[in-house]
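Breakdown of the fold
Here's the letter readout for the chains.
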Amino acid sequence: MTLIRPRTAAIPTRMLDEAQPGLSVMDAIVVLVGVVIGIGIFGFPPLVAQHAGSEAMYIALWCAGGLVMLVGALCYAELGSAYPGAGGEYLYLTRAWGPRVGLMFAWARCTVIQTGAIAVVAYIYGDYAQRLMPLGTYGPAAHAAISVAALTALNIVGTRYSKRLQWVFTVLTLGALAAVLVASLTASGDTAAAAATPTPLVGSPAGLMGMGMVFVLLTYGGWNEAAYLSGELRDPGRNMSRVLLIGTVIVTGAYVLTNLALLEIFGLQGLRDTPALGADVMQLAAGPYAAALLSLTICATALSTINGTIITGARVYYALGRDVPRLHALAGWSARKETPVAALLAQGAITLVLVALGAFSQNSVQTLVAYTAPVFWIFMLLVAASVWRLRQLDPERPRPFRVPLYPLPPLLLGITCAGLVYSSAVYAGAGALIGLAVLAAGIPMLRLLKPAGMSG
């Protein structure tokens, strides 16, 4: 008995990935942790503290972020184990809502979400690399462009090389967080900053918590990237849930412990007033060599995120090329190198364009965050709804992992995403309109780049 609608069956029959399963559970966990635990933990805690009325609320926000990540991981574990493939969310959205929605997501991811995220982290890397090696007025942009080009080239040479480098970067990143914990043990807890009474915040508690969660989830951002590895993961039906759940535990534990340490060092008010969080922490941990050590640590952390995001991001270009005849050139896969060469080149080119545009804005990082966030949460909302939709359309599909307490997890994730669409749009302001305008610009392409099996 076949209950799959004809429009959802077209894409899966074509998506016969050439990618060979070469990633172990630990390899995928390293990529996931490396993407999530990145530069945000050194930049966003003060912003979260500015929206928390107490230390208990501050830690509660970070725990809530871990809960959202866990709920999302459960949903992605079901989707990834039932529909393994290099397309990840593109594959899920296409099956659930049809080729048009899948194509719009691919357009958004290629032009806004993924490339914008890579450009954001590349600029943060560029700011710190500029301190170590000044390259003039546009030094941060130059360093950002070099990092994108170099890591894209490394991935083109072969996934096994970028995978090894990701291990190194991830170890360095976790080492940086360990240094924060060590600093909390050696720092005096009765400093003026730690002892300062928090200033009462202005605004409704719900509104403050909503904005705090925006920054928390920006820091947790990237956990969904493991979905793009399911086509190359060994035994994805059994291992996809392990990757996402173990990764969630590692990330949440690291973030909660790190933020407990930050409160021990600075106190809530001191944390709100700390403009250079990483510099102050590393000064406590490393003494007179803190400045150079900080820059090197932040650079390694940023490169870890960039590399992991490049690895996962190119897979949607590859999947798009498999399904859209006029974009077939993107479907080139090098079996010897185990990597989608054409997809990496396309992703790198678009990212470099965004890096160039960011060079002429007053605050490159904030501009690019504003550009990406609302569009990202719109499609995350649709992915959450896809868990329910695909159970309705494809009930006979084997699901090695099923979301426990269904339908509560996808419902909770969907409600959270809807709130974050609103909150991020309010925060982003004009930047949100630009990102949404780029998304809308993809609508005319639905006919020009009609996927196989899409009528009308």
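Look above for the structure.
Small disclaimer: the values here were computed from a predicted structure and weren't measured.

Reading the values: rules and limits
- Residues numbered from 1 in each chain as written.
- Predicted model: local features only at pLDDT ≥ 70, side-chain atom pairs only at ≥ 80, totals over all residues.
- Heavy atoms only, no water.
- Axes fitted to C-alpha atoms, helices over the stretch in contact; angles between N-to-C directions.
- Helix = DSSP H or I, 4+ residues; strand = E, 2+ residues; numbered from the N terminus.
- Parallel < 35°, antiparallel > 145°, perpendicular 65-115°, else oblique.
- Left-handed = near helix turned anticlockwise from the far one by under 90°.
- Contact = heavy atoms within 4.5 Å.
- Nonpolar A, V, L, I, M, F, W, Y, C, P; charged D, E, K, R; others polar.
- Expected span 1.5 Å × (residues − 1).
- Buried < 20%, exposed > 50% of the residue type's maximum accessible area, 1.4 Å probe, protein only.
- Salt bridge = Lys/Arg side-chain N within 4 Å of Asp/Glu carboxyl O.
- Core = buried A, V, L, I, M, F, W, Y, C linked by side-chain atoms within 4.5 Å.

With respect to the packing of helix 5 (residues 89–97) against helix 6 (residues 99–132)
Running from N to C, helix 5 and helix 6 cross one another at 155°; their axes reach a closest spacing of 6 Å. When the interaxial angle is binned, helix 5 and helix 6 end up roughly antiparallel. Note that helix 5 runs across helix 6; the crossing there is right-handed. Counting all contacts with helix 5, which are made through Glu89, Tyr90, Leu93, Thr94 and Trp97, the residues of helix 6 involved are Pro99, Val101, Gly102, Leu103, Phe105, Ala106 and Arg109. When its residues are assigned to classes, the contact of helix 5 with helix 6 shows 8 nonpolar, 2 polar and 2 charged.

Structural notes on helix 6
With 34 residues, helix 6 ought to run about 50 Å at 1.5 Å a step, and its terminal C-alpha atoms sit 47 Å apart, in line with that. Summarising burial for helix 6: 27 of the 34 residues are buried, a large majority.

Some remarks on the environment of Pro398
Note on placement: Pro398 falls in the loop between helix 15 (364–393) and helix 16 (408–428). On a C-alpha basis, the gap between Pro398 and Ser81 in space is 8.8 Å, while along the polypeptide they are 317 residues apart.

Observations regarding the pattern of salt bridges
Applying the stated criterion across every chain yields a total of 3 salt bridges. Close ionic contact of Arg399 with Glu78 constitutes a salt bridge, the shortest N to O distance being 3.5 Å. One end of the pair, Arg399, is in the loop between helix 15 and helix 16; the other, Glu78, is in helix 4 (residues 55–82), and 321 residues separate them in sequence. Glu78 carries the same exposure label as Arg399, and that label is buried. If you follow the salt bridges from partner to partner, you end up with Glu78, Arg391 and Arg399 in one network.

Here we look at helix 5
Counting buried residues in helix 5 gives 8 out of 9 residues, a clear majority hidden from the surface. The complete set of buried residues in helix 5 reads Glu89, Tyr90, Leu91, Tyr92, Leu93, Thr94, Arg95 and Ala96. Backbone geometry just after helix 5 places Gly98 at a positive phi near 100°.

Regarding the environment of Pro374
Residue placement: Pro374 occurs in helix 15. Assessed through its relative accessible area of 2%, Pro374 is described here as buried. The sequence separation of Pro374 and Ala425 amounts to 51 residues, and the corresponding C-alpha distance is 5.6 Å.

What to know about the nonpolar core
Counting residues in hydrophobic clusters, the biggest one holds 117 residues, and the most contacted among them are Tyr58, Trp62, Tyr220, Val251, Tyr255, Ile306 and Phe379. Of the residues forming this core, the biggest block, 18 residues, is contributed by helix 6. Among all residues touching Tyr58, those that are not within four sequence positions of it are Pro45, Val48, Ala49, Ala52, Asn259, Leu262, Leu263, Leu268 and Leu271.

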